[in-house]
Amino acid sequence: MNEQLRIEHLSKSFLVNNEKLDVLDDINLNIDKGEFISIIGHSGCGKSTLLKILAGLTGYTVGSVKIDGKELRDSADSAKCCMIFQDHRLLPWKTVRQNIAFGLYEDDKSEENINSYIEMVNLKGFENAYPHQISGGMAQRTAIARALVRKPEILLLDEPFGALDALTRIEMQKEVLNIRSYNHTTMILVTHDIDEAIYLSDRIIVTSNRPAAIKKEFKVELSRPRMRTDSDFMRLKSKIFREFFDTYSK
Amino acid sequence: MKLIYNNAIKFIVPVILVVIWVILSGSGKFSPLVMPPVSSIWKELVNSITSGMMFTDLFVSILIVLRGYIIGVLLGLVFGVLMGIFTKVNNLFSGTINAFRQIPPLAWIPLLILWVGIGDASKVILIALGVFYPVLLNTISGISEVSTSYLEFARNYKIKKKDILLHILLPGAVPSVFVGLRLGAGQAWMAVVAAEMIAATAGVGYRINAARNLMQTGQVILYMILIGVVGGLMDYFLRKIEKRVVRWRQD
Ligand SMILES: Nc1ncnc2c1ncn2[C@@H]1O[C@H](COP(=O)(O)OP(=O)(O)OP(=O)(O)O)[C@@H](O)[C@H]1O
Ligand SMILES: [Mg+2]
């Protein structure tokens, strides 16, 4: 189809106390434009490391990562992949609006442009609030708007709702789908929540324990909007669940 | 109700202190030279106000404090920002500054008098010196303690160096800078009183020393209270400014 991201033979290791710690092991992954991918894997296996490589926060030496055919490490000019962190990382001294507009070029800073993103994430009326004055879910929505306003090629979400309570989480997942109805940015989500992955994704990648390799891939072919209580939903959920259960018993 | 209670509680200790004073000075066990009655301090207050002496003294001292404070703050901020941002500048100066910092500002008095005389200049420099260190150190630590998670965000979002400085590092350092500004204000008052005790013709520190020589204990105490009040007011205003500047802070 419309391939956007191609990861080939990507491996990564860190030196920890002079010992090599393999974190990523021969990752091969192609992602189409507009796709929603979730990555599920055990804690500490290397999921964040993979996202950090895509975000340009960690280098890589083995393998290649290409966005629209261009090697990532050679294209340091623009923020192609914007990361949404678990802690929203909004600047506390800037209002919602200022946070969203921060660092943009003058042209993109126009009132209407910022307003349209504020509306997209349902934050109208809170433009002038400071981060400590809004809820965790609203802060995370601001962070999403701050990323989308840059029109990134790919949005990276590293357990973005992990710090939120269960109800807010579900609200946020709906919100993400709502945003996707306006804006078809490719999204890669790291999560521990199988429900969340099935609810949102087109494809779910299950990684092995460290070093992370791609262990299994599930295409989610359920029609949208998805119901968590549908039998197909549940069936897929137990299938993915068993994937983990097997790993544990080994 | 709670507000009234919180404000009332602040006055308990001062009231007790005054009561003890009244009892002790009225007991007749101490000479008025050691412990003058409260009424004599009141008399001194009225006298110093009607003669205008108090205003002259305050004016002279405040003017010197302000000059020294502004110079010290500006130097502290400039060096603090440069040393906080550039490791090289920090390495260049930190050793020397740390060594000089061990010298109490008051120890500079003899040398300052030799170099620039006993005029205002020596006092202004002394105050600037006392203000410089706390402002410098708190600016440096404020900048270096800005959370690295913001810097990681900035790296990923390709924020320009200039914007990282102006919109992340500097605003993040502001609360710490205000700690330095307030500590510096305290230092400034200490330094001016000490400097005026040695060489001056007016000012609060000079007056305390003159009153001591004339054995006017009441006036000594009056001026001590005055210094405390002015210092407290300065801190109060700095805190008001801080509240306005760091509105974004929780509570
Ligand atoms: N900069 C680094 N230097 C050394 N080791 C690192 C570094 N970053 C990550 N690691 C190690 O790499 C491994 C994978 O870390 P990573 O953060 O990618 O895991 P994760 O899958 O995101 O885990 P979690 O689900 O708990 O967030 C961990 O063992 C971690 O200690
Ligand atoms: Mg992680």
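None of these values were measured; they are calculated from a predicted model.

K.L.:
Is there a simple way to explain the overall build of chain B in this structure?
P.N.:
The helix and strand inventory of chain B stands at 11 helices and 0 strands. Listing each helix as α and each strand as β along chain B from the N terminus yields α-α-α-α-α-α-α-α-α-α-α. Over its C-alpha trace chain B gives a radius of gyration of 23 Å, far above what one expects of a compact globule, namely 18 Å for 251 residues. Taken along its principal axes, the extent of the C-alpha atoms in chain B is 75 × 60 × 30 Å. Classification of the 251 residues of chain B by burial places 40% in the buried group. Carbon and sulfur atoms form 71% of the exposed surface of chain B, whose accessible area is close to 14,700 Å². Taken together, the 22 basic and 10 acidic charged side chains of chain B have centroids lying 3 Å from each other.

K.L.:
Would you mind going over helix α8 (residues 148–156) of chain B with me for this structure?
P.N.:
Structural remark: α-helix, 3.6 residues per turn; residues separated by three or four positions point the same way. By the burial criterion, the buried members of α8 of chain B are S149, Y150, E152, F153, A154 and N156 of chain B. At its buried positions, α8 of chain B is contacted by α1 (47–54), β6 (81–84) and α4 (136–148) of chain A together with α9 (161–198) of chain B. Of the residues one or two after α8 of chain B, K158 of chain B is the one with positive phi, at around 55°.

K.L.:
Just to check I follow, could you spell out the sheet that holds strand β2 (residues 19–32) of chain A for this structure?
P.N.:
Neighbouring strands of a sheet are bound in pairs by backbone hydrogen bonds; such pairs are parallel or else antiparallel. Residue and element names in this part refer to chain A. Sheet architecture is open: 4 strands sit in the order β2-β1-β4-β5, paired in antiparallel fashion. With partners counted over all chains shown, the strands left at the sheet margins are β2 and β5 (70–71), one partner each. Inspection of the sheet shows strand β1 (residues 3–16) paired to β2 by 10 bridges, in the antiparallel sense. Across the sheet, E3 pairs through a bridge with D32, a residue of β2. This element, α1, spans β1, β2 and β4 (62–67) of the sheet and lies at about 120° to β1.

K.L.:
Explain the site of ligand 1 to me, please; I cannot follow it from the model alone.
P.N.:
Residue and element names in this part refer to chain A. The environment of ligand 1 is made up of 15 residues, and the closest members are S43, G44, K47, S48 and T49. Contacts to ligand 1 include S48, whose side-chain N or O atom sits 2.6 Å from an oxygen atom. Broken down by secondary-structure element, the contributors of at least two residues to the shell around ligand 1 are β1, β2 and α1. Counting residues per element, the shell around ligand 1 draws most heavily on α1, at 3 residues. Of the residues assigned to the shell around ligand 1, the class counts are 5 nonpolar, 7 polar and 3 charged.

K.L.:
Would you mind showing me how to read the pairing of β6 of chain A here?
P.N.:
For a regular strand, the rule is simple: side chains alternate between the two faces of the sheet. Residue and element names in this part refer to chain A. Burial of β6 is two-sided: the residues C81 and M83 facing one way and the residues C82 and I84 facing the other way are all buried. Where β6 and strand β7 (residues 154–158) come together, 4 bridges link them in parallel fashion. From the neighbouring strand, M83 faces β7, where its bridge partner is L156.

K.L.:
Any chance you could explain the pairing of strand β3 (residues 36–40) of chain A here in plain terms?
P.N.:
Residues and elements named next belong to chain A. The buried fraction of β3 amounts to 5 of the 5 residues, a majority that puts the element mostly inside the structure. The side-chain alternation of β3 yields two buried faces, one formed by F36, S38 and I40 and the other by I37 and I39. Examined bridge by bridge, β3 and strand β8 (residues 186–190) share 4 bridges and lie parallel to one another. Its bridge partner lying in β8, I37 is registered against I188. Of the strand pairs in this sheet, β3 and strand β9 (residues 203–207) are connected by 4 bridges, and their pairing is parallel. Across the sheet, I40 pairs through a bridge with V206, a residue of β9.

K.L.:
Help me understand unusual backbone geometry in this model?
P.N.:
Most peptide bonds take the trans configuration, and most residues that are not glycine carry a negative phi. Residues and elements named next belong to chain A. Here the bond from R210 into P211 is cis, since omega is -5°, no more than 30 degrees from zero. Looking at the element boundaries, P211 is found in the loop between β9 and β10 (214–219). Here the amide bond leading from R224 into P225 is cis, since omega sits at 0°, within 30 degrees of zero. The topology assignment puts P225 in the loop between β10 and α7 (231–249). At R89, a position not held by glycine, the phi torsion is positive, near 60°. For R89, the position within the fold is in the loop between β6 and α2 (96–101).

K.L.:
What am I meant to see in the interface of chain A and chain B here?
P.N.:
Where interface size is quoted, it is often the accessible area lost as the parts come together. At the interface, 28 residues of chain A touch 18 residues of chain B. Carbon and sulfur atoms make up 61% of the area that chain A and chain B hide from each other, which totals about 2,200 Å². Summed over the shared surface of chain A and chain B, the result is 2 salt bridges. Where chain A meets chain B, there are 11 residue pairs in polar contact (both at pLDDT 80 or more).

What counts, and where the lines are drawn
- Residues numbered from 1 in each chain as written.
- Chains lettered and ligands numbered in written order.
- Predicted model: local features only at pLDDT ≥ 70, side-chain atom pairs only at ≥ 80, totals over all residues.
- Heavy atoms only, no water.
- Helix = DSSP H or I, 4+ residues; strand = E, 2+ residues; numbered from the N terminus.
- Rg over C-alpha atoms; globule rule 2.2 N^0.38 Å.
- Buried < 20%, exposed > 50% of the residue type's maximum accessible area, 1.4 Å probe, protein only.
- Areas by Shrake-Rupley, 256 points an atom, 1.4 Å probe, with all protein chains shown as cover.
- Lys, Arg positive; Asp, Glu negative; His and termini not counted.
- Charge placed at Lys NZ, Arg CZ, Asp CG, Glu CD.
- Contact = heavy atoms within 4.5 Å.
- Pairing = 2+ DSSP bridges.
- Axes fitted to C-alpha atoms, helices over the stretch in contact; angles between N-to-C directions.
- Near = heavy atom within 4 Å.
- Polar contact = N/O pair within 3.5 Å; in protein donor to acceptor, adjacent residues only side chain to side chain.
- Nonpolar A, V, L, I, M, F, W, Y, C, P; charged D, E, K, R; others polar.
- Buried area = accessible area lost by both parts, 1.4 Å probe.
- Salt bridge = Lys/Arg side-chain N within 4 Å of Asp/Glu carboxyl O.

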